[in-house]
Every structure is written in C-alpha cells, then in structure tokens.
2 protein chains.
Amino acid sequence: MKYPLINKITLTAFLVLLPFARTQAQTDPLPSWNDGAAKKAIVEFVKTTTDKASSKFVPPEARIAVFDQDGTTWVEYPMYTQVSYCLDRVPAVVKAKPDLANVEPFKTVLSGNREAMANLKMPDLEMLVAATLTGMSVDEFNTEAKKWLDTAKDPRWKRPYTELTYVPMQEVLKFFRDNGYRTYIVTGGGQDFVRLYSERVYGIPPEQVVGTAGGTRYRYDKNGKPFLLKEPKLLLNDDNAGKPEGIHLMIGRRPYAAFGNSIGDRQMLEYTQAGDGTRLMMLVHHDDDKREYAYGPNSKVGTFTDALMAEAKKKNWTVISMKDDWKRIFAFEK
Amino acid sequence: MKYPLINKITLTAFLVLLPFARTQAQTDPLPSWNDGAAKKAIVEFVKTTTDKASSKFVPPEARIAVFDQDGTTWVEYPMYTQVSYCLDRVPAVVKAKPDLANVEPFKTVLSGNREAMANLKMPDLEMLVAATLTGMSVDEFNTEAKKWLDTAKDPRWKRPYTELTYVPMQEVLKFFRDNGYRTYIVTGGGQDFVRLYSERVYGIPPEQVVGTAGGTRYRYDKNGKPFLLKEPKLLLNDDNAGKPEGIHLMIGRRPYAAFGNSIGDRQMLEYTQAGDGTRLMMLVHHDDDKREYAYGPNSKVGTFTDALMAEAKKKNWTVISMKDDWKRIFAFEK
C-alpha cells in the first residue's frame, strides 16, 4: 500500500524539518540549575558525547551514566532512609521473637532513645539488617517495605521519603536519558529496597539498580510453589571499591559519567575516569544548611573529607554546591 | 517554526496510515520454524501478551524473556564452548608456571588425550577454571578470550563457535524484541565470557547477560591506574536453583517467558511459571542426530531426563523438537 495523500516531496520535507523544529523548540534541560561550572560541565559533556561530528562521540550502546543515591539523588541526613526502615521494623521482629526484647541492639532500638540509636556500631547495624531484611521471602519483604514507603515520613519535612529527591538531579537523569544514556542507580543501599520505588521515583527500572545485595535461596512452600528466601549472606557490598566491582558484575561496562557525594563514591569516580575518551565525574557537596543540610568531613553520612575535596580538584572532578548551583531543591517547594 | 510544506491533513494521514502500511507488510516472524505446537505457542504468547485488548496483556516495562545459552541458543555438544576455551588456555598457563606441567589436571590436559579430558571430574574442572579464567585483570581476560573466539573453530563444522547459533532461536529473540520484550541470556556459562560476544551474536547487550559470576577485586597498577582483578571466588553459580536466584539478583523481575534445554533450566522455568498471568515455558530437545546431535538422558551436557520430559508434559511446558520444529538450524546452511 502506498500513501495516496502524500507525495514524496512533502514526506521528505516533513522528515527533514521535524528534527529542526525540535531543535528550535529546545528549552533549558536543567532549569533548576544556576549557570556555573557544574551546569556547564553537564551540558557540555552530554552535547559533545552525543555529537557524531565530535571526536568525543560515544556510541548509543555505550552510554551508561551511574548515580549514587543517598546524598546524591535524595536526602540522606541525618540517617539513611533504609536504616529508618530497619529501625521501624524492629517492633514487629521482636513481636515475632519476644526473646530479642532484652538483647542488644534490639533493646536500644525499642527504648526509642535516638541518641543511643545513633551510636550503634557496625556489628549492631548488621544484626538489625539481618533481622529486618532477611529471613523472609522476597515477596514478603516487598509487601512490608512498600507499605512502609507509602506511610513513613521524614521527621523534618513531614513528607514521604520518596518526595525528598532533588529536582536538579531528576533533571540530570532525564537529560541523560533524553540523550540516549541509560541511567543506573549504584548505591550502598539495599538493591531490593531501592528497586521497589526506582521506576516511580527516578524513572529507573529495577534492572538498572545496582546496590548492596544479599543472597537468596530458591525454596518451595507447602503447596510446592517456589519462592526466593532472603538470606543473611552478603553477595555485594556496593560501597567504596564495591561500587566498581558491582558495576562490573551487574552492568559489565564502564560508565561514561558518574555522580556521587562522598568518599564511598571515590572508587566509582576513579574507575569511570580511568576509561578512554571523555568522562564526567561529579560530586554533590552538602553545603546548604538552610534549604537542606551542611555536613562536614566528620559526618556519619555522606562523608566529604578535605582529602576528597583535594582529590576532586586534582583530578578535575566537578563539585556541585547545593547552595550555589541549585535554584531549588525539592519538587514540593515552589 | 511551523511545517510550511505540509498541511494538517496530510500530516494526519501520514501518521494514521503508517502503522497500517506496516501491518500490511507483516511477514512470518519465525520463517525457520515448521508449523506446529511449538511455533504456535510462541506466536500466540507474543500476540496475546502485547495486545492491549487482551486480559493477558503485559505492560512493556514488565516484558522480560530469558534464554539459556548452551544447547538453547547454540551448540553445546560434545563440550561447552567455554570449557574448550579453558582447555586451550592451559598451555599458556603452564608456560607461565612450568611446575604445573606435572600436576593434575594440567598434566592430563597437556597430554591431549581427549578421552581422559572428557573424564575430568568437577574439582579438576574447577581448578582449570580458576587457573584459566581468574588471576588476571578483566581487560587481560577480555583480550585473550576475544582472540580465542576470533580464531578457534568447532571440530565438526570447522567454523567459529559464534557461528553455531540456532537460526530459529535467533528469530525468537528478534521476534520478542520487536514486540517490546527485553531478551536476557541466563546461562550457567561465565558471565564475563558470554558478554564478549552477546551483542554481536545475539543482539543482547552485556548488561542483559546473567551468568555464572566470580568476584573481582578493585586494584591499582604501578602507575596508580585502577583495574579489576578476576578472583577465584564464586559469587553466583547460575545453574539449577542459581538461575532464579541470579535472575532476582541481576534483573529483579520475574520473566514472562523462559527457554531452556536441560535439567539445569528446570527451576528457571518453574520460577517463571509461578508468576501471575500467562507465561511461556519452553525446552529445546536435541533429537536431531543428522543435522546436529541427539543426546539422551545420560548425556554429560544438556541432560534431558525422562523425569524432565514428564514434568514438561504435566506442567504444560512446550518441548521444541529440533528435528521436527526447525526447518533449518544454522545460518551457514542454505
């Protein structure tokens, strides 16, 4: 069948003019960013790596951009969201196993003493993680965690945690995707946890979430139906050196752009930069104590040491100042 | 800017007629398949799950189809391709460490005695795998394995292994992708190995290859440049129950369609079937001793036991007969 109403000339004109019309209509892809070195670095990078005439052109299949989550795409202070989830789950865990009520660290968590909780050490946290995130099926975990995500609220903004994403970073994610990049979350947080909302919150499908991952075990229930049991066995500790290791395991390609905000992202940025051609490495700096938080080199979350700042300068990693580079932070603000 | 040469009517006509023209031009998506239950099952499944009017409609983001590799998308008999690679690498390994020449299993491999090699036991093979696939950087491994893939030839067909893929299965992969499914390889073979050629050979990008995976360790070379060292540490044994576990780890969604050919794929098919809605489970049966191979329930590769056949019947898994269902097998045949 031919196209009876269209002759070849109008068809060609349509196809030729459409992209031009699009270019004309193009607006600022990063409206929540102030003009400055950070915004310029992002726009230039995307422009040159997607320009076929550029020596820095990156073919579409190789366009991978990775984003840390906590402190990079959403609020992490004063406590990682997933840690809040684990703490909130403790009463239910103790209800199922009452003996735990008098055992640390459960006792401290049940006391409600925030200061004591904040001082829990790594082995305590690991016990809490094992008790609250493992020992159930993937489906059970998903149901519980989704319920919590729908109802729990951040104490400062009184909003669901999933509303605490940064608008400027959402714009970056979209800008990369609009230019053929596949965007991945590469987080120290739990892979199964982040996958529950990544599509809805970031437009990133579950299979593009790389996170700290525990093993599962294939089991059958009493009706012979198979399920996956979440085990307290760490497969991937997706932080520090674990980030490039996780990227290799889960993606198998070196990213062209990497965004982080702390020493836990250092190796991911190094690994990105060690590739051929042009690469983009950026760090969000939390220096805005009015609109969000300003936390220094000794912060328990998102540690941004002086050494990291020096390394960023030396290696040409661009530091994003929340205070100076971002016009707005949250979508619920005007 | 407007489109000066096109008025609204021609534009609308063009947009309305284009899909219709496409439908008219539609041809058989599986030309290498004989008509029969297997072909019908595939076509029906894709048609109903992508038809918005159907109760079995699957939204695009959930369209995941998984494919075992060895024996499902390419030849696995009499020896997995990657095992051939390991054996071929042994002389280079022994050259670097001459003491190994008198140690088993290296001694047997160096003897060239195919029968003795075929009788190597699992611990021997694990030693060979550790010696030939680990202890080097990811980049070094990639370089060596690519070189081998470009030059090594299958003894029967005298062609590169990557030409021994099944045309009917290539058609299935394309048919699924053309209908919005993301196709994944889920293989007991090494993830890093398969990723080297998956894009070129199957049109499947590296990030959509789930395979048996060892750990890597982030290291720096003497110039301070980071690299990933392949370690003899198993992270994921992607066979049997490891397949659903690997699918959860790497994809995080339950597939809607699963193709396998042996008892190693049983759990993957079970897991697929245990999901809601309509699912497709298929097994390639190697029953063609003329054009390829026919191997029975006691074969060392692709074991297809009588129990598996009974299970397939009971659970409505469709068995593909290479002999009866496939018109042609390889692209290099007419």
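Residues numbered from 1 in each chain as written. Chains lettered and ligands numbered in written order. Predicted model: local features only at pLDDT ≥ 70, side-chain atom pairs only at ≥ 80, totals over all residues. Heavy atoms only, no water.

What follows concerns the overall build of chain A. Along the backbone of chain A there are 14 helices and seven strands. Based on the C-alpha atoms only, the size of chain A along its principal axes is roughly 80 × 55 × 40 Å. Here chain A, with 334 residues, has 52% of them falling under the buried criterion. For chain A, the exposed area adds up to about 16,000 Å²; of that, 53% sits on carbon and sulfur atoms. (Helix = DSSP H or I, 4+ residues; strand = E, 2+ residues; numbered from the N terminus. Buried < 20%, exposed > 50% of the residue type's maximum accessible area, 1.4 Å probe, protein only. Areas by Shrake-Rupley, 256 points an atom, 1.4 Å probe, with all protein chains shown as cover.)

What follows covers the pattern of salt bridges. In the structure shown here, the tally under the stated rule is 36 salt bridges over all chains. Linking B:R266 and B:E311 is a salt bridge whose minimum nitrogen-to-oxygen distance equals 2.8 Å. Remark: B:E311 occurs in helix 13 (residues 306-315) and B:R266 occurs in helix 12 (residues 266-273); sequence separation between them is 45 residues. A residue is classified by how much of its surface remains accessible, and B:R266, at 28% relative accessible area, is partly exposed. Here B:K315 makes a salt bridge to B:E270, at a shortest N to O gap of 3.6 Å. With a gap of 45 residues between them, B:K315 in helix 13 and B:E270 in helix 12 connect regions that are remote in the sequence. By relative accessible area, B:K315 is classed as partly exposed at 27%. Through salt bridges that share partners, A:R182, A:R253, B:E199 and B:E207 make up one connected network. (Salt bridge = Lys/Arg side-chain N within 4 Å of Asp/Glu carboxyl O.)

This part covers the confidence of the model for chain A. Residues and elements named next belong to chain A. Summing up the model confidence of chain A, the mean pLDDT is 92 and the portion of residues at 70 or higher is 92%. When the criterion is pLDDT under 50, residues 1-9 qualifies, and its contacts beyond four places in sequence or with other chains add up to eleven contacts. Note on residues 19-24: pLDDT under 50 across the span, and two contacts to partners over four residues away in sequence or across chains. Here the complex is predicted with pTM 0.91, and the ipTM for its interfaces comes to 0.91. (pLDDT = per-residue confidence, 0-100. Contact = heavy atoms within 4.5 Å.)

All names here are of chain B. The end-to-end C-alpha distance of helix 2 (residues 37-49) is 18 Å, a good match for the 18 Å that 13 residues give at a rise of 1.5 Å each. For helix 2, the set of buried residues is A38, K39, A41, I42, F45, V46 and T49. All buried residues of helix 2 project into a common sector of 165 degrees when viewed along the axis, lining one side. Exposed residues on helix 2 whose side chains face more than 90 degrees from its buried face are A37, K40 and K47. Looking at the buried positions of helix 2, the neighbouring elements they touch are helix 8 (167-178), strand 5 (257-260), strand 6 (280-285), strand 7 (318-321) and helix 14 (322-325). (Expected span 1.5 Å × (residues − 1). Arc of directions from axis to C-beta.)

Residues and elements named next belong to chain A. The omega torsion across Y77 and P78 is 0 degrees, close enough to zero to call that bond cis. In the Ramachandran plot, N240 falls in the positive-phi region, its phi being about 55 degrees despite a non-glycine side chain. Topologically, N240 is positioned in the loop between strand 4 (226-236) and helix 11 (242-250). N240 gets classed as partly exposed once you look at its relative accessible area, which sits at 33%. Positive phi values are uncommon outside glycine, yet N316 reaches one of about 65 degrees.

Residue and element names in this part refer to chain A. Under the defined criterion, the tally for this structure stands at 44 aromatic pairs over all chains. Here the aromatic rings of Y77 and Y295 are separated by 4.9 Å at their centres, their planes lie at 10 degrees, and the arrangement is stacked. Taken together, the residues Y77 in the loop between strand 1 (64-67) and helix 3 (81-96) and Y295 in the loop between strand 6 (280-285) and helix 13 (306-315) connect sequence positions 218 residues apart. For Y77, a relative accessible area of 30% corresponds to the partly exposed category. Clustering of aromatic rings is evident, with ring pairs tying together W33, Y77, W157, Y166, Y293, Y295, W326, F330 and F332. (Phe/Tyr/Trp six-rings, centres within 6.5 Å; stacked < 30°, edge-to-face > 60°.)

With mixed pairing, the seven strands of this open sheet are ordered in space as 4-3-2-1-5-6-7 (chain B). The open sheet has two free edges, formed respectively by strand 4 (226-236) and strand 7 of chain B, since each of these has just one partner strand. In this sheet, adjacent strand axes meet at a mean angle of 30 degrees when their direction is disregarded. Relative to strand 6 of chain B, strand 5 of chain B runs parallel, the two sharing four bridges. Counted as the bridge partner of B:A257 is B:L280 from strand 6 of chain B. Contacts from helix 12 (residues 266-273) of chain A reach strand 3 (209-220) and strand 4 of chain B, with the element oriented near 95 degrees to strand 3 of chain B. Against the sheet, helix 11 (residues 242-250) of chain B contacts strand 1 (64-67), strand 2 (182-190), strand 3 and strand 4 of chain B, and its axis sits at roughly 130 degrees relative to strand 2 of chain B. (Pairing = 2+ DSSP bridges. Axes fitted to C-alpha atoms, helices over the stretch in contact; angles between N-to-C directions.)

Time to look at the packing of helix 12 of chain A against helix 13 of chain A. All names here are of chain A. Contact geometry of helix 12 with helix 13 gives a least axis separation of 12 Å together with a crossing angle of 10 degrees. Regarding the angle of helix 12 to helix 13, the classification is roughly parallel. Contacts between helix 12 and helix 13 involve R266, E270 and Q273 from the first element and L308, E311 and K315 from the second. (Parallel < 35°, antiparallel > 145°, perpendicular 65-115°, else oblique.)

Attention now goes to the sheet that holds strand 1 of chain A. Residue and element names in this part refer to chain A. If you trace the seven strands from one edge of the open sheet to the other, you get 4-3-2-1-5-6-7, paired in mixed fashion. Whereas interior strands pair on both sides, the edge strands pair on one side only; in this sheet they are strand 4 and strand 7 (318-321). Here the strands of the sheet are splayed against their neighbours by 30 degrees on average, with no regard to which way each runs.

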